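These are the residues of each chain, in order.
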Amino acid sequence: MNGVFDFDAVLDRRGTGAWKWEFCDKVLGDPDIIPMWVADMDFAVPPAVAAAVAERAAHPAYGYHYVPPSFWEAIVLWLKKRWKWDVEREWLLRSPGVVTALNLCLKAFTQPGDGVIVQTPVYYPFFAAVEENKRTLLRNSLRFEGGRWGMDFEDLERKAGQRARVLVLCSPHNPVGRVWRRDELERLADICLAHDLLVISDEIHGDLVLPGREHVPFASLSEAAAARTVTLIAPSKTFNLAGLSTSAIVASNPGLRDRLRREHHAAGLTLPNIFGATATEAAYRGGGEWLDALLAYLAANQDFAARFFAERLPEIAFLKSEGTYLALLDARALGFDQKSLNEFFLRRAKVYFSDGSLFGDELLGFERLNFACPRPLLARALERVEGAVRTLGRDR
Ligand SMILES: Cc1ncc(COP(=O)(O)O)c(C=O)c1O
């Protein structure tokens, strides 16, 4: 137990339409597979959120929803308290999801053919957003040196010179788990200013910062940074609300905001979801204590996994994250090509990870592990992986 919240309790999500679990059963064809892929958590939402949604659901009319001023105020207060970021109500727009918002931003701020820089390996819907909108994808590969991922600023300068209009920042970064430091972001901001780049800053993981780190909102660095930045935030990763399709956009620059608002209208995306709006407000108002307990639990889960690999499975390197609940497994020493590696974990260990190479070629031979689950489940998954690796010597 973490205080009053029991994150150890195994929550059976089978049969609830949970994509993370249904996929193993219905698509991969084996209900015994432990899912450690898509970024949602096997934890119940904060009690305040469950209560607010249940209360609203109990009234049986689900017509168009009015978003009250208290909704906006809850977001402003949250960002001030947790991110130390002063945001004004007028700077905020709603969006069903962060990926939706990213697509709208690209349409609003760029033309077909314009260069859009992404820092790979990265959350792969970034690639689709750029390419399906017929913009030009410019990959600024992160560097992995001394067991740590960092930005390649020289390469970024070169890419910025190639008709680039926008940088899509992922902060904290999925999947490498970096919580970018202020000095790194300042150097990035200098380059964006020098090359007149707009920044779409996906900060969906901004609350999921493990002890000892601090999330610095990119737009909070300076007036100049804020003027060229649109920040995408959401309660969905933080509080496990991804199924409620709710997120927000922060833009202090009125010109950028207007262009974005027009794009929203053009796409017909103006109406809120009752449960998303209700849950967002309840989470930001009443979820702080739960989140603190969650972060402590996630950090302990990560330590548990890191120790497990170090002591029992040194063939696989577990790369600890500073933020998010996603970590990388460097399984290159097992000697498989990517497809065989995926199959090995899936069919031999019966654990389904995210294929590292989907995030970029930098992660060939890697898998991404989601450790946001009760520790007994995490332990079972790791023991299965250990058992599978032990069979390898015998087969080869
Ligand atoms: C960096 C990042 N952005 C966006 C999303 C998805 O956001 P949404 O479900 O709001 O579209 C995720 C989900 O894992 C993510 O990791």
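Residues numbered from 1 in each chain as written. Predicted model: local features only at pLDDT ≥ 70, side-chain atom pairs only at ≥ 80, totals over all residues. Heavy atoms only, no water.

(A) Layout of the nonpolar core. In this structure, L298 and I316 are the most contacted members of the largest nonpolar core, which totals 77 residues. Looking at this core, the elements that each hand over two or more residues are α2 (47–58), α3 (69–83), β10 (247–250), α11 (274–286), α12 (288–312), β12 (326–330), α13 (338–349) and α14 (375–395). Sort the elements by how many residues they give to this core and α12 lands first, with twelve residues. What L298 contacts, discounting residues up to four positions off in sequence, is F43, L208, L210, Y325, F371 and A372. Counting residues in each nonpolar core, the second largest holds 30 residues, with A108, V118, L137 and V230 among its members. (Core = buried A, V, L, I, M, F, W, Y, C linked by side-chain atoms within 4.5 Å. Buried < 20%, exposed > 50% of the residue type's maximum accessible area, 1.4 Å probe, protein only. Helix = DSSP H or I, 4+ residues; strand = E, 2+ residues; numbered from the N terminus. Contact = heavy atoms within 4.5 Å.)

(B) A look at the sheet that holds strand β15 (residues 366–370). The sheet built from four strands is open, its strands ordered β11-β12-β15-β14 with antiparallel pairing. If you trace the sheet from one side to the other, it starts and ends with β11 (317–319) and β14 (354–355), each paired once. Pairing between β14 and β15: two bridges, direction antiparallel. For S354, the partnering residue across the bridge sits in β15 and is R368. Along the sheet face, α12 touches β11 and β12 and points at about 160° away from the line of β11. (Pairing = 2+ DSSP bridges. Axes fitted to C-alpha atoms, helices over the stretch in contact; angles between N-to-C directions.)

(C) Layout of the site of the ligand. As a structural note, the neighbourhood of the ligand is formed by A39, G97, V98, V99, Y123, C170, N174, D202, I204, H205 and K237. Note that an oxygen atom of the ligand is positioned 3.0 Å from one of the backbone N or O atoms of V99. H205 is positioned with one of its side-chain polar atoms (N or O) 2.8 Å from an oxygen atom of the ligand. In isolation the ligand has 400 Å² of accessible area, and contact with the protein removes 88% of it. Partitioning the shell around the ligand into residue classes produces six nonpolar, three polar and two charged. (Near = heavy atom within 4 Å. Polar contact = N/O pair within 3.5 Å; in protein donor to acceptor, adjacent residues only side chain to side chain. Areas by Shrake-Rupley, 256 points an atom, 1.4 Å probe, with all protein chains shown as cover. Nonpolar A, V, L, I, M, F, W, Y, C, P; charged D, E, K, R; others polar.)

(D) Up close: the sheet that holds strand β2 (residues 92–95). Strand order in this open sheet of seven strands is β2-β10-β9-β8-β7-β3-β4, and the pairing throughout is mixed. A single partner strand is all that each edge strand has here, and the edge strands are β2 and β4 (136–139). Recorded for the sheet is a direction-independent mean angle of 25° between the axes of neighbouring strands. Across five bridges, the pairing between strand β7 (residues 164–170) and strand β8 (residues 198–202) is parallel. Bridged to L169 within β8 is S201. Together, β2, β9 (229–233) and β10 form the strand contacts of α3, whose direction differs from that of β2 by roughly 105°. Contacting β2, β8, β9 and β10, helix α10 (residues 254–266) crosses the sheet at an angle of about 25° to β2.

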